[in-house]
Amino acid sequence: MASHSSRFNFESGKNEPGKERVGPAEDGGYVINPVISSQTTHLVSLGIGGDERFELDFVSRYGSKVVMVDPGYAPDTQTDWAEETLRLSGKAIPDSPLSDSNSKDGTHKFSEIIQRVKLECGPTTPSITLKIDIEWDEWDLLASISQEDWATVDQLIVEFHFIPVEQHKQLSPYFTGFFESVYGKLNEEVWQKYLSVLNALRKNFFVLHVHANNSLPTHNLFVQRLPYLLEVTWLSHAALKKLRSSDQSQYNQTDQLDFRNKSDRPDVGLMDWDQK
């Protein structure tokens, strides 16, 4: 059994003012901070899945430029960085020796995307809101981002995919126990990968808001009960410092922030961190 220190506390800043929901009141909408969003120069959105409602609502409210990257866009989709709304066909990939976007169509190194944003901003340091929903690839991408690139990100929105290794076949008692032992070891390795990324994020960011996606139920295959899909909004420590020195009284709202992602099934319910 893993120790309590192997858990991750997703408790958010429940008392932090200034939360708004952007996008639809269903799957595809996210909670952000309006002050930091209004200072955003670029919304960089990785993973669209045919639904641009969050991105377009964000731009209409806060006036930033938006860069959207998704393999669902046609290869000849607009690639002019001078446009306010830019759609890049392909996947955002980590920076590594195995990731060579110069020789591989349909991929965009994350650092190259950030470099283009920096070039657009000139001498002004960009303020990026980064949204990531890339179907489990977020773990490798987040682990690869340099401290220099993190310094440009003031607000981070991630849909995390806590996917375990699961046994679905009907086996004899002996092999059931055997596979449960093997899968338990594999899940410990997977969880350590997840935990490493989450703890690294904690060094740069503060958890602003957490919402469990009800598309799938929760599971107990790691050291703590988790949903398969978890939406988390983070603010950089630098952004949080600016936020706490600003007047946010106008943003103390009672509007509903969270909705069921799928209306045809029950909500996930309270998680451990919600009950503290």
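Use the structure listed above.
The residue numbers shown here count from 1 along each chain, following its written sequence. Two thresholds apply to this predicted model, a pLDDT of at least 70 for residue-level local features and 80 or more for giving and counting side-chain atom pairs, whereas whole-chain, interface and lining totals are computed over all residues. Side-chain descriptors were evaluated using all non-hydrogen atoms of the structure, hydrogens and water having been removed beforehand.

Regarding the environment of Val59
One can find Val59 in helix 2 (residues 53-62). On the basis of relative accessible area, Val59 is assigned to the buried category, the value being 18%. Look past the residues within four positions of Val59 in its chain and what remains in contact with it is Ser64 and Val66. Numbered from the N terminus, helices here are DSSP runs of H or I no shorter than four residues, and strands are runs of E no shorter than two. Each residue gets one of three labels from its accessible area relative to the maximum for its type: buried under 20%, exposed over 50%, partly exposed in between, using a 1.4 Å probe on protein chains only. Pairs of residues are marked as contacts when any of their non-hydrogen atoms sit within 4.5 Å.

Notes on the sheet that holds strand 3 (residues 42-46)
Pairing in this open sheet of seven strands is mixed, and the strands run 5-4-3-8-9-13-10 from one edge to the other. Only two strands of the sheet have a single partner each, and these edge strands are strand 5 (85-89) and strand 10 (205-212). Strand-to-strand twist in this sheet, taken as the mean axis angle between neighbours without regard to direction, amounts to 15°. Whether two strands pair comes down to DSSP finding at least two bridges between them. With seven bridges joining them, strand 10 and strand 13 (residues 229-236) adopt antiparallel strand pairing. Note that in strand 13 the partner of Phe205 across the bridge is Ser236. What counts as an axis is a line fitted to C-alpha atoms, over the stretch in contact for a helix, and the angles between N-to-C directions run from 0 to 180 degrees. Sheet strands in contact with helix 7 (residues 237-244) are strand 9 (153-161), strand 10 and strand 13, and its direction is about 65° off that of strand 13.

So, the side chain of Lys65
For Lys65, the location among the structural elements is in strand 4 (residues 65-70). Of the polar contacts made by the side chain of Lys65, one reaches the backbone oxygen of Glu83; its length is 3.4 Å. Dropping the residues within four chain positions of it, Lys65 is found in contact with Thr41, His42, Leu43, Trp81, Ala82, Glu83, Glu84 and Glu120. Polar contacts, as counted here, are pairs of nitrogen or oxygen atoms within 3.5 Å of one another; within protein the pair requires one atom able to donate a hydrogen and one able to accept it, and residues that are adjacent in sequence qualify only if both atoms are side-chain atoms.

Here we look at the pairing of strand 8 (residues 128-132)
Among the five residues of strand 8, five are classified as buried, and the element is accordingly described as predominantly covered. The two faces of strand 8 match: Ile128, Leu130 and Ile132 on one face and Thr129 and Lys131 on the other face are all buried. For strand 8 and strand 9, the ladder comprises five bridges, and the chain directions are parallel. What sits directly across from Ile128, in strand 9, is Val153.

Regarding the side chain of Glu138
As for its position among the elements, Glu138 is in helix 4 (residues 138-144). This count recognises Lys and Arg as positive and Asp and Glu as negative, with His and chain-terminal groups excluded. Salt bridge, as used here: a side-chain nitrogen of Lys or Arg that lies within 4 Å of a carboxyl oxygen of Asp or Glu. One buried charged side chain, Glu138, makes no salt bridge at all; its nearest oppositely charged neighbour is Lys193, positioned 9.4 Å away.

Here's the deal with the nonpolar core
We define the nonpolar core as a collection of buried residues of types Ala, Val, Leu, Ile, Met, Phe, Trp, Tyr and Cys that are connected through side-chain atoms lying within 4.5 Å of one another. Within the largest apolar cluster, 49 residues are counted, with the highest numbers of intra-cluster contacts made by Phe10, Leu46, Leu130, Leu156, Phe160, Phe162 and Trp234. When neighbours within four sequence positions are excluded, Phe162 is seen to be in contact with Phe10, Trp139, Trp191, Tyr194, Leu198, His219, Phe222, Leu226, Pro227, Tyr228 and Leu230. Formed by 13 residues, the second largest nonpolar core is a distinct cluster that contains Phe54, Phe58, Met68 and Ile157.

Examining the packing of aromatic side chains
What counts as a ring pair is set by centres within 6.5 Å for rings of Phe, Tyr and Trp (its six-membered ring), and what kind of pair is set by the plane angle: stacked under 30 degrees, edge-to-face over 60, tilted for all other angles. This model, assessed by the stated rule, comprises 20 aromatic pairs. Aromatic pair Phe54 and Phe58: ring centres 6.0 Å apart, planes at 45°, arrangement tilted. Placement of the pair is Phe54 and Phe58 together in helix 2, with a separation of four residues, close to one helical turn. Across the pair, exposure class does not vary: Phe54 and Phe58 are buried alike. Geometrically, the ring pair formed by Trp150 and Phe205 is edge-to-face, given 5.1 Å between the ring centres and 75° between the ring planes. Of this pair, Trp150 sits in helix 5 (residues 147-150) while Phe205 is found in strand 10, placing the two residues 55 residues apart along the sequence. Through successive ring pairs, a cluster of aromatic residues spans Phe8, Phe10, Trp139, Phe160, Phe162, Trp191, Tyr194, Phe222 and Trp234.

Structural notes on the environment of Thr40
Relative to the helices and strands, Thr40 is located in the loop between helix 1 (34-38) and strand 3. For the pair Thr40 and Ile128, spaced 88 residues apart in sequence, the C-alpha separation works out to 5.6 Å. Excluding anything up to four places from it in sequence, Thr40 contacts Phe58, Ser64, Ser127, Ile128 and Thr129. Within the structure, the side chain of Thr40 is placed 3.1 Å from the backbone oxygen of Ile36, a separation counted as a polar contact. There is a polar contact of 2.9 Å between the side chain of Thr40 and the side chain of Thr129.

As for helix 2
Along helix 2, the residues that are buried comprise Phe54, Glu55, Phe58, Val59 and Tyr62. Along the axis of helix 2, the buried residues cluster in a sector spanning 125°; they form a single face. Of the residues one or two after helix 2, Gly63 is the one with positive phi, at around 75°. As used here, the arc is the angular range of directions from the helix axis to the C-beta atoms.

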